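Remarks on the overall topology
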Amino acid sequence: MSEAIYTAAFYVFGLAAVVGALGTVAARRLIHNALFLVLALASAAALYVLLSADFVAVVQILVYTGAIMILLLFALMLTPQQVELPATAPAGQQLAAALVAVVLFGLIVAAVLTGPWRQAVVPLNAPTSAPLGTALLTTYVFPFELVSLVLLVGLIGALLLARES
Amino acid sequence: MAVLNDLLSQVGGWLGGVLRALLGADLATIVFLVISAGVILTFLAACITLAIWAERKVIARIQDRVGPNRVGPFGLLQSVADVLKLFAKEDTIPGGADRLVFILAPLLAVVPSLMIYAVLPWNWDAVVARLDVGILYVLALATFPTLAILVAGWASYNKYTLLGGMRAAVQLISYEVPEVLAVLPVVVLAGSLSLWDIAAAQRAVWFILAPVVGPLAFLVFFIAGLAEINRSPFDLVEAESEIIAGFHMEYSGMRWALFFLAEYANAFTVSAIASVLFFGGWHGPLLPGYLWVVLKTALLFVVMVWIRGTLPRLRYDQLLALAWKGLLPVALVSLVLAVAVRELGAMSWHPLLLLGINLGVVYLLFRWYTDLWRAAQYRAAAPLLEAAMQGVRS
């Protein structure tokens, strides 16, 4: 793919992601917020594709829009009283949230500007799923097992909750 | 035959050359992709028109009727007439509806369903996108129609549509798990996530012949696939006797037709992906590869229609019990067995031996199922028999 198409695609999906993110916080009806979140997550997946991380992109769609967003929407629709957001949060809360957002944004910008970015050493259209799998089961096998332990705990917790009720 | 076999790549190569000469490399790539998409979508639309006719005919025969036979020879033009009618219908949007979401939902259903066809290998030399994570891409996009159904049900502002949407969500979340797990044995056997690699790996033996694993994984994949696309007997999302027409009750005209189109595109997707995963994709004697793909897909689609004509709709608890207590354990077992098959090198055994093993497996499954069914029948009939006997005795 040539530079121009790549750049155009980046701006289209980048813009979509930003619009989705803004809509997620700005929209008034909870379902709309959730749908904007779907847009943001799907656009992020498209950006991963442009970064030639095909496996991460596909898993992002499969897990986030495929499972998590559907569960989220399901839960939202089961709570009809909560569909309309309260008009405004208390002023103190708004101030604190703005402060946290500004600090976080500053940190991210600083990290992006000062980070030692590594240039690509492998061709960018190489498949990523096989190297990822090998890395997870050799170099990073301990963190990988740790994460599965966390999931197992979550599973057992869900079972316990379901049993008691 | 050789000429016919690489017909698609020949035409594609020629067209690509012409476009590059006319437009330069960049623009030619884009135009070529757009043309490929157009050709595939046109072909798909024609297939769907034919499939609707075929489904109505087959269902009619199963129910001892004639089916559509008025418009055109054998009623072939019935679907065309129906589409024309849909174009002419009034486009209504309910008063309380969330207009934007209501309008966008059919598009959210249809576009991802059609995007799946970009990675389907039509022949060894004819794939639009030979994606390394092809099967995951298919599974990921296959979740969007459910999202669309859920959202459409909510946006219509009607309790029946909302119920339909809710059912779709629960159904997807439950059946997504066995669906993905049933694909994994094939991935283990082929050693790749790419649909092209998976089909190419079945050059000698189709994966349906993988001892024990093949039939089990295919069964789970096909059943879970049927559930995920809301086809009968899993069509609780639009169960007429309970929630009228479910999620699409408030839709009319072309908006409704888009949902219908997505539904049939999804039915084809499940058939086509099953034929690539388990039935060797383009591999087959005599005929060119792309014809084999179409033929296998069509046959699996007819099986779907057959199932629709035979089985009654499942009850809600049965639907969930089947996913979590039936398909999930079977899928897990077949995944473990797939690793064993790979380690034993069983795929290189003689095909007739593999066929024998699998016929045995299918027979045992059949026996087990009929025994189970009979036991259930006896259990259900026991109190009645008891009562009847008491009547006789006294």
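Residues numbered from 1 in each chain as written. Chains lettered and ligands numbered in written order. Predicted model: local features only at pLDDT ≥ 70, side-chain atom pairs only at ≥ 80, totals over all residues.

Concerning the overall build of chain B
Helix and strand content of chain B: 15 helices and 0 strands. Along the three orthogonal principal directions, the C-alpha set of chain B runs to about 95 × 65 × 40 Å. Within the span of chain B, comprising 394 residues, buried residues form 44% of the whole. Counting contacts in chain B only where the partners sit at least 6 residues apart, residues at least 24 apart contribute 77% of the total. (Helix = DSSP H or I, 4+ residues; strand = E, 2+ residues; numbered from the N terminus. Buried ≥ 20, exposed ≤ 12 C-beta atoms within 10 Å, placed from the backbone. Contact = placed C-beta atoms within 7 Å.)

Some details on the interface of chain A and chain B
Contact with chain A, which involves 22 residues of that partner, is made by 22 residues of chain B. Every element with two or more residues in the side of chain A that touches chain B is listed here: helix 1 (3-26), helix 2 (30-50) and helix 3 (54-77) of chain A. If you tally residues by element for the side of chain A that touches chain B, the top one is helix 3 of chain A, at 15 residues.

Details of helix 4 (residues 91-114) of chain A
Over its 24 residues, helix 4 of chain A extends 35 Å from the first C-alpha to the last, a length consistent with the 34 Å expected when each residue adds 1.5 Å. The buried fraction of helix 4 of chain A is low, at 0 of 24 residues. (Expected span 1.5 Å × (residues − 1).)

Here's the deal with the environment of Asn69(B)
Residues and elements named next belong to chain B. With respect to the helices and strands, Asn 69 occurs in the loop between helix 3 (25-62) and helix 4 (78-88). Note: C-alpha distance between Asn 69 and Trp 53 (16 residues apart in sequence) is 9.9 Å. Leave out the neighbours within four places in its chain, and Asn 69 touches Phe 74 and Gly 75.

Considerations on helix 7 (residues 144-155) of chain B
Between its terminal C-alpha atoms helix 7 of chain B stretches 16 Å, which fits the 16 Å expected from 12 residues at 1.5 Å a residue. Inspection of helix 7 of chain B places Phe144(B), Pro145(B), Thr146(B), Leu147(B), Ala148(B), Ile149(B), Leu150(B), Val151(B), Ala152(B), Gly153(B), Trp154(B) and Ala155(B) among the buried residues, and these make up the whole buried set. Of the surrounding secondary structure, the elements contacted by the buried residues of helix 7 of chain B are helix 2 and helix 3 of chain A together with helix 5 (99-115), helix 6 (134-141), helix 8 (159-190) and helix 12 (253-278) of chain B. A positive phi of about 55° marks Tyr157(B), the residue just after helix 7 of chain B.

With respect to the packing of helix 5 of chain B against helix 12 of chain B
Residue and element names in this part refer to chain B. In the contact formed by helix 5 and helix 12, the axes pass within 8 Å of each other and the chain directions differ by 30°. It follows that helix 5 is roughly parallel to helix 12 by the angle criterion. As for how helix 5 packs across helix 12, the hand of that crossing is left-handed. Together, Pro 106, Leu 107, Ala 109, Val 110, Ser 113 and Leu 114 of helix 5 and Arg 255, Leu 258, Phe 259, Leu 261, Ala 262, Ala 265, Asn 266 and Thr 269 of helix 12 make up the contact between the two elements. Class assignment for the residues of the contact of helix 5 with helix 12 results in 10 nonpolar, 3 polar and 1 charged. (Axes fitted to C-alpha atoms, helices over the stretch in contact; angles between N-to-C directions. Parallel < 35°, antiparallel > 145°, perpendicular 65-115°, else oblique. Left-handed = near helix turned anticlockwise from the far one by under 90°. Nonpolar A, V, L, I, M, F, W, Y, C, P; charged D, E, K, R; others polar.)

Some details on the nonpolar core
Judged by nonpolar contacts, the single largest core of 132 residues is most densely connected at Val151(B), Val186(B), Phe221(B) and Leu277(B). If one sorts the elements of this core by residue count, helix 12 of chain B sits on top with 16 residues. Setting aside chain neighbours within four positions, we find Val151(B) in contact with Leu35(A), Val101(B), Ala105(B) and Leu108(B). (Core = buried A, V, L, I, M, F, W, Y, C linked by C-beta atoms within 7 Å.)

What to know about the packing of helix 1 of chain A against helix 2 of chain A
Residue and element names in this part refer to chain A. The geometry of helix 1 relative to helix 2 is characterised by a closest axis approach of 7 Å and an angle of 155° between their N-to-C directions. On the basis of their axis angle, the class for helix 1 and helix 2 is roughly antiparallel. Considering the relative orientation of helix 1 and helix 2, their crossing is left-handed. Each of Tyr 6, Ala 9, Phe 10, Phe 13, Gly 14, Ala 16, Ala 17, Val 19, Gly 20, Ala 21, Gly 23 and Thr 24 in helix 1 lies in contact with helix 2, whose residues at this interface are His 32, Asn 33, Phe 36, Leu 37, Leu 39, Ala 40, Ser 43, Ala 44, Ala 46, Leu 47 and Leu 50.

Some points on unusual backbone geometry
Excluding glycine, residues mostly have negative phi values, and the peptide bonds linking residues are mostly trans. Residue and element names in this part refer to chain B. We note that Val 212 has phi near 60°; this positive angle belongs to a residue other than glycine. On the secondary structure map, Val 212 appears in the loop between helix 9 (195-200) and helix 10 (213-228). Residue Asn 230 is not a glycine yet carries a positive backbone phi of 60°.

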